[in-house]
Amino acid sequence: MGLNEYIDIFLAVFTGFFSLIVVFGRNPVVCALSLLMSFIGFAGIFFQLGSVFLTTIQVLVYAGAIAILFIFVLMLINTSHYKYSQTKKSINPVLGTIFTFILLGGFTLVINNNIDYLNVDRLPTTSMKVLFVDLFNKYLLPFELATVLILVAIVASVVISNKRGEK
Amino acid sequence: MQGELIEILLKTAVVLGVPLGVIPLIVHVERRGAAFIQKRVGPNRVGLFGIFQPLADVVKFLFKEEVVPAHVLKPLYILAPILTLVMAILPFAGIPICEPFMLGARKVYPEIFRSDLGVFYVFATTALGSYGILIAGWASNNKYTLLGSIRACAQMISYELSLSITLVALFFLYGTVDLHEIVRQQNASFFGFLPTWGVFYQPVGCLLFLVAIFAESNRLPFDLAEGESELVAGYHLEYSSMKFALFFMAEYLHMIVLSALFVLLFFGGYNLLPGFGLIVDMIPQSLPLFQFLSLFFKVALMIWFFVWVRWSIPRFRYDQLMNLGWKRLLPLGIANLMVTVLYVYWKG
């Protein structure tokens, strides 16, 4: 095994570990920080796959903007009210585990059947020019649909926050 | 492979060593500058003009007792200063200090992390800078520190917007995101004497960027995070000795890297200062060195500007800060972007 494989394995373990903490951690702020770490782990995986652009955007948008808002809000609200309790007996963890495995199986099937399509060589090159020429020609419709979705989300957030203000 | 490794290590040594090495000097300049502006003497006892004062400060930092308060969340409390310093150092990897030059048969790029997304990398890592502060304030388990870090964080998020919008306008104007290409385009001159610096193309963008980097590096007049009169010392209240020094160093590193970015984008970057051209004509091999010196000189002037503003303008109130960021700078930045885009479009 070369250095690259070791880095890959390290990144996978790193990301997995912190993702698990996000789900099972007791302290909400620590969970949010672990979310940040897992985002950074994903960025590392993208880098290992050879897409510098995705890495940068992952760090800039997810780690730099989204995770910080989570942490910010968690610090502002009084988290001691929302204590995680394990005393209650509930079927939810069991169901959750089962569904997770079903989902995991589905993903494995999809990925295994499309392994050629998901090949790393098919990722756009690091050059931004090539990437955006593709984005605005070949994938114009999905791109525009995504922008409409974002617009709807923005309008929705404004409407919701306005309602709160009126009360 | 081995040659590449040596190259990366050497570049890391230069790009890391220079900023970390000049921090004590900057601290000294800042203290003497403060004294100069306030008509005091300032530290002048240790060595000539007090030049060894920073050394004495470092010794003090290292030998003071390190107090870890009992009420803190220890792992995060210890992690926070380290994270702050690391995040402050990371963006330096994307800053080009001179033109790519030929060393034997190999083309050497001066930045450690070379990709065609240079500026984005610098930006992405600068955006992570607020985490250290946020964690420090929260892990200290103290109301003052929490308030300080939340202030710092909200401020950094708000001003990052106007920073990025200015940057987008610049990308449209230069037609590239590569810092080398941006600097190369600033090498020509208007009417034979005025350099084609970004500041003349984008005066509004330059102003917005300047205000935003003051806010990003949490310096006065935007140092609400520390606000001594209301928050004691803000996010680093519970830290002592070397841990405090790490926060201190990170602030100066932020200043240096943002100044360097500002100079590269708006003030001709590493293009030679007048006079250096004569020497370079005689010894062509010395071009990278003199380009580095030009950048160094411009960044030094920027640092002096930071000190100058610090002792000239009083601190804002927090609502004023937010109003300035969201209601003035951001709309101005968007208008600037629209005008730039239309200009580029009509020009073809």
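Owing to the predicted nature of the structure, the values given are computational and were not obtained by experimental measurement.

Section: the overall build of chain B
So, step 1. Scanning chain B for helices and strands turns up 14 helices and four strands.
So, step 2. For chain B, whose C-alpha radius of gyration is 21 Å, the value lies close to the compact-globule estimate of 20 Å for 348 residues.
So, step 3. Expressed as lengths along the three principal axes of its C-alpha atoms, the size of chain B is roughly 60 × 50 × 45 Å.
So, step 4. Every one of the 348 residues in chain B was classed for burial, and the buried ones make up 53%.
So, step 5. Total accessible area on chain B stands at roughly 16,500 Å², and carbon and sulfur atoms take up 71% of it.
So, step 6. When the 24 positive and 21 negative side-chain charges of chain B are each reduced to one mean point, those points stand 7 Å apart.

Here we look at a nonpolar patch on the surface
So, step 1. Residues L25, V46, L48, F49, I51, F52 and L55 of chain B make up a contiguous nonpolar surface patch of roughly 710 Å² in combined accessible area.
So, step 2. Given a relative accessible area of 39%, I51 of chain B falls into the partly exposed group.

Points about helix α5 (residues 129-139) of chain B
Residues and elements named next belong to chain B.
So, step 1. α5 sits mainly inside the fold: eleven of its eleven residues count as buried.
So, step 2. By the burial criterion, the buried members of α5 are G129, S130, Y131, G132, I133, L134, I135, A136, G137, W138 and A139.
So, step 3. Backbone geometry just downstream of α5 places N141 in the positive-phi region, at approximately 60°.

With respect to the nonpolar core
Residue and element names in this part refer to chain B.
So, step 1. Counting 108 residues, the largest nonpolar core has F209, I213 and L265 as the members making the most contacts within it.
So, step 2. Take this core: its biggest share by element is 16 residues, from helix α11 (residues 241-266).
So, step 3. In contact with F209, not counting residues within four places along its chain, are L163, T166, L167, L261, F262, L265 and F266.

Examining the side chain of E216 of chain B
So, step 1. As for its position among the elements, E216 of chain B is in helix α9 (residues 203-216).
So, step 2. Every residue in contact with E216 of chain B, bar those within four places of it in the chain, is listed here: T126, M156, Y159, E160, L163 and L258 of chain B.

Digging into the confidence of the model for chain A
So, step 1. For chain A, mean pLDDT is 80; residues scoring 70 or higher make up 81% of the total.
So, step 2. Ranking the helices and strands of chain A by mean pLDDT puts helix α1 (residues 3-24) of chain A first, with 88, and helix α5 (residues 128-137) of chain A last, with 78.

Looking at the packing of helix α3 (residues 74-89) of chain B against α11 of chain B
Residues and elements named next belong to chain B.
So, step 1. The N-to-C vectors of α3 and α11 enclose an angle of 20°; their axes lie 8 Å apart at closest approach. Taken together, the axis directions place α3 and α11 in an arrangement best described as roughly parallel. Where α3 crosses over α11, the handedness of that crossing is left-handed. Where α3 approaches α11, its residues Y77, I78, A80, P81, I82, T84, L85, A88 and I89 are matched on the opposing element by K243, L246, F247, M249, A250, L253 and H254.

A closer look at the packing of helix α3 (residues 52-76) of chain A against helix α4 (residues 118-127) of chain B
So, step 1. Look at α3 of chain A against α4 of chain B: their axes get within 9 Å of each other, and the N-to-C directions meet at 25°. The angle between α3 of chain A and α4 of chain B places the two elements in the roughly parallel class. Handedness of the α3 of chain A/α4 of chain B crossing: left-handed. Contacts between α3 of chain A and α4 of chain B pair T56, V59, L60 and G64 of chain A from the former with F120, Y121, F123, A124 and A127 of chain B from the latter.
So, step 2. A class-by-class count of the residues in the contact of α3 of chain A with α4 of chain B yields seven nonpolar, two polar and no charged.

What to know about the interface of chain B and chain A
One widely used convention gives an interface's size as the accessible area the parts lose upon coming together.
So, step 1. Counting residues at the interface gives 23 residues for chain B, matched by 23 residues for chain A.
So, step 2. On the chain B side of the contact with chain A, L117, Y131 and W138 of chain B bury the most area, a combined 30% of that side's loss.
So, step 3. Taken together, the connections running from chain B to chain A amount to zero salt bridges.
So, step 4. Where chain B touches chain A, the interface holds two residue pairs in polar contact (both at pLDDT 80 or more).
So, step 5. Sorting the residues of the side of chain B that touches chain A by element identifies α4, α5 and α6 (143-174) of chain B as the ones contributing at least two each.
So, step 6. Of the residues contributing to the side of chain B that touches chain A, the split by class is 20 nonpolar, two polar and one charged.

Notes on the packing of aromatic side chains
All names here are of chain B.
So, step 1. Under the defined criterion, the tally for this structure stands at 23 aromatic pairs over all chains.
So, step 2. With centroids separated by 5.3 Å and ring planes inclined at 70°, the aromatic side chains of Y345 and W346 adopt a geometry described as edge-to-face.
So, step 3. Its relative accessible area of 60% is what places Y345 among the exposed residues.
So, step 4. For W346, a relative accessible area of 68% gives the class exposed.

Some thoughts on unusual backbone geometry
Residue and element names in this part refer to chain B.
So, step 1. Phi angles above zero are rare outside glycine, and K39 is one such case at about 60°.
So, step 2. Tracing the backbone through its elements, the reader meets K39 in the loop between α1 (2-37) and α2 (53-63).
So, step 3. Residue N141 is not a glycine yet carries a positive backbone phi of 60°.
So, step 4. Considering the arrangement of structural elements, one finds N141 in the loop between α5 and α6.

A closer look at helix α14 (residues 318-347) of chain B
Residue and element names in this part refer to chain B.
So, step 1. In this model α14 runs 42 Å from its N-terminal to its C-terminal C-alpha over 30 residues, within 8% of the 44 Å that 1.5 Å per residue would give.
So, step 2. The largest bend in α14 amounts to roughly 30° and is located at L324.
So, step 3. Turning to α14, its buried residues are L321, M322, L324, G325, L329, L330, G333, N336, L337 and T340.
So, step 4. Looking at the buried positions of α14, the neighbouring elements they touch are α6 and α9.
So, step 5. One or two steps after α14, the chain reaches G348, where phi turns positive at roughly 90°.

Structural notes on the environment of A93 of chain B
All names here are of chain B.
So, step 1. Tracing the backbone shows A93 in the loop between α3 and β1 (101-103).
So, step 2. Considered as a pair, A93 and F266 are 173 residues apart in the sequence and their alpha carbons are 20 Å apart.
So, step 3. A93 has contacts with E111, I112, F113 and Y121, leaving out every residue within four places of it along the chain.

Points about the side chain of E238 of chain B
Residue and element names in this part refer to chain B.
So, step 1. Residue placement: E238 occurs in the loop between α10 (228-231) and α11.
So, step 2. Here E238 is buried and forms no salt bridge, its nearest opposite-charge partner K243 lying at an N-O distance of 11 Å.
So, step 3. In contact with E238, not counting residues within four places along its chain, are V67, P69, H71, Y77, S140, N142 and T145.

What to know about the confidence of the model for chain B
So, step 1. Mean pLDDT over chain B stands at 83; residues scoring 70 or higher make up 99%.
So, step 2. ipTM for the predicted complex: 0.75, alongside a pTM of 0.83.

Definitions and cut-offs
- Residues numbered from 1 in each chain as written.
- Chains lettered and ligands numbered in written order.
- Predicted model: local features only at pLDDT ≥ 70, side-chain atom pairs only at ≥ 80, totals over all residues.
- Heavy atoms only, no water.
- Helix = DSSP H or I, 4+ residues; strand = E, 2+ residues; numbered from the N terminus.
- Rg over C-alpha atoms; globule rule 2.2 N^0.38 Å.
- Buried < 20%, exposed > 50% of the residue type's maximum accessible area, 1.4 Å probe, protein only.
- Areas by Shrake-Rupley, 256 points an atom, 1.4 Å probe, with all protein chains shown as cover.
- Lys, Arg positive; Asp, Glu negative; His and termini not counted.
- Charge placed at Lys NZ, Arg CZ, Asp CG, Glu CD.
- Patch = residues over 30% accessible without salt bridge, like charges linked within 9 Å, V, L, I, M, F, W, Y side chains within 5 Å.
- Salt bridge = Lys/Arg side-chain N within 4 Å of Asp/Glu carboxyl O.
- Core = buried A, V, L, I, M, F, W, Y, C linked by side-chain atoms within 4.5 Å.
- Contact = heavy atoms within 4.5 Å.
- pLDDT = per-residue confidence, 0-100.
- Axes fitted to C-alpha atoms, helices over the stretch in contact; angles between N-to-C directions.
- Parallel < 35°, antiparallel > 145°, perpendicular 65-115°, else oblique.
- Left-handed = near helix turned anticlockwise from the far one by under 90°.
- Nonpolar A, V, L, I, M, F, W, Y, C, P; charged D, E, K, R; others polar.
- Buried area = accessible area lost by both parts, 1.4 Å probe.
- Polar contact = N/O pair within 3.5 Å; in protein donor to acceptor, adjacent residues only side chain to side chain.
- Phe/Tyr/Trp six-rings, centres within 6.5 Å; stacked < 30°, edge-to-face > 60°.
- Expected span 1.5 Å × (residues − 1).
- Bend = angle between axes of the 7 residues up to and from the residue.

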